[in-house]
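# Fold and contact review
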Amino acid sequence: MNYHVYKLKFFEYLLYGFFYLLADALISYLFFMSVIAFIIFLPGIVFYYRFLSIILKKRRDTLLTFQFKEFISIVSSLLSTGYSLENAIVESCKELKSLYPNSLILDEALKMSHKIMLHIPTDTLFTDFANRTDIEHIKTFSEILTISTKSGGNLIQIIMSTTASISSQIEIHREIDTSLAGKKYELYIMAIMPLIIILYIRFTQPGFFNPVYNTLLGSLLMFICLAFYMLAIYIAYKILARIH
């Protein structure tokens, strides 16, 4: 499996497409009260799907990183009890099945176990995994494993210390994610508040927005407001992404 690109499944196309149409209808109703606006915004679903693929890829990478931490932690624990690296990888599949059934990391571990039976070197397996994921921590582990295998050092000790270091770094990322969770919810609330305010005024003060709905200048003004609204959401998202 190539992890460089996230390909939406058919169900995801339908589900997220429905959300886009719902948002399109809501924005067209609140900002323009026009079916024409709804139709004009429809081609934006192409860019929406592309942006969504990037978001879902990052989410999958994060999930895979946390699962990889558990995987190498299990392997490291088995190494400390006397298992060889190859046997530790094969044995780790049993624990992964209980921890992460039907998961990406379990699939990868099972593939590695099968290839180990075919006498493919473990450093080659991890290098292939790292190349397909392009995730920093997996690449680091792969590079250190390859160097250690070729240099002929204390492989088990190096793997255990590397595992401890990578696990610590991943836990720090997890703590950052936890600390940012509150800010993300605040962003979601701030993003919907302008829509709620407009909707509230529409129902409590009928006709209040008629001047902007029925004139070209008013439509232009609402389009500018919508552009600034979307820009603000995008900037807030980029700030959170950069902190992460």
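To be clear, the structure that these remarks concern was listed above.
This one's a predicted model, so the numbers in the text were calculated from it and none came from an experiment.

Here we come to the pattern of salt bridges. Counted under the stated rule, the structure contains eight salt bridges. Its salt-bridge partner being Lys57, residue Asp61 comes within 2.7 Å of it at the nearest N-O pair. You can see Asp61 and its partner Lys57 sitting in helix H3 (residues 44-80), four residues apart, about one turn around the helix. Exposure remark for Asp61: the relative accessible area of 14% places this residue in the buried category. Residue classification places Lys57 among the partly exposed positions, given a relative accessible area of 21%.

So, on to the layout of surface pockets. In this structure, the second largest pocket spans a volume of roughly 210 Å³. Looking at the lining of the second largest pocket, the elements that each hand over two or more residues are helix H8 (155-204) and helix H10 (216-243). A per-class count over the lining of the second largest pocket returns eight nonpolar, no polar and two charged.

Moving on, we come to empty space enclosed by the protein. Counted according to the given criterion, the structure contains one cavity of 30 Å³ or more. There is about 60 Å³ of room inside the largest cavity. Contributing to the lining of the largest cavity are Glu108, Lys111, Met112, Lys115, Leu125, Asp128 and Arg132. Breaking the lining of the largest cavity down by element, the ones donating at least two residues are helix H5 (104-117) and helix H6 (122-133).

This part is about the nonpolar core. Grouped together as the largest cluster of nonpolar side chains are 31 residues, with contacts concentrated most on Phe68, Phe71, Ile89, Phe126, Phe129 and Phe141. The biggest single contributor to this core is H3, with nine residues. Not counting the four nearest positions on each side in its chain, Phe126 is found in contact with Phe68, Phe71, Ile89, Met112, Phe141, Ser142 and Leu145. In terms of nonpolar packing, the next biggest core, distinct from the first, is built from 14 residues, Ile27, Phe32, Phe209 and Tyr229 among them.

Here we come to the environment of Thr162. One can find Thr162 in helix H8. Under the relative-accessibility criterion, Thr162 is labelled buried at 9%. Counting along the chain gives 59 residues from Thr162 to Leu221, while the straight-line C-alpha distance between them is 57 Å. The contacts of Thr162, once residues within four sequence positions are left out, are Phe141 and Ile144.

Tallying each qualifying case throughout the model produces 18 aromatic pairs. Plain terms: the ring middles of Tyr20 and Tyr48 are 5.1 Å apart, the flat faces sit at 40° to each other, and that makes the pair tilted. With Tyr20 in helix H1 (residues 10-32) and Tyr48 in helix H3, the pair connects residues that are 28 residues apart, well separated along the chain. Given the relative accessible area of 15%, Tyr20 is considered buried. Summarising the aromatic geometry, the rings of Phe68 and Phe129 are spaced 6.1 Å apart at their centres and angled 55° between planes, so their arrangement reads as tilted. Residue Phe68 is located in helix H3, and its partner Phe129 is located in helix H6; the two are separated by 61 residues in the primary sequence. Grouping residues by exposure puts Phe68 and Phe129 together as buried. The structure contains a cluster of three or more aromatic residues connected by ring pairs, namely Tyr3, Phe68, Phe71, Phe126, Phe129 and Phe141. Arg174 extends its terminal NZ or CZ atom over the ring of Phe66, reaching a point 4.1 Å from the ring centre.

Parameters and conventions
- Residues numbered from 1 in each chain as written.
- Predicted model: local features only at pLDDT ≥ 70, side-chain atom pairs only at ≥ 80, totals over all residues.
- Heavy atoms only, no water.
- Salt bridge = Lys/Arg side-chain N within 4 Å of Asp/Glu carboxyl O.
- Helix = DSSP H or I, 4+ residues; strand = E, 2+ residues; numbered from the N terminus.
- Buried < 20%, exposed > 50% of the residue type's maximum accessible area, 1.4 Å probe, protein only.
- 1 Å grid on protein atoms, 1.4 Å probe; cavity = no way out; pocket = protein on both sides within 12 Å on 5 of 7 lines; lining within 4 Å.
- Points joined across faces, edges and corners; volume = space filled by probe spheres on them.
- Nonpolar A, V, L, I, M, F, W, Y, C, P; charged D, E, K, R; others polar.
- Core = buried A, V, L, I, M, F, W, Y, C linked by side-chain atoms within 4.5 Å.
- Contact = heavy atoms within 4.5 Å.
- Phe/Tyr/Trp six-rings, centres within 6.5 Å; stacked < 30°, edge-to-face > 60°.
- Lys NZ or Arg CZ within 6 Å of the ring centre and 35° of its normal.

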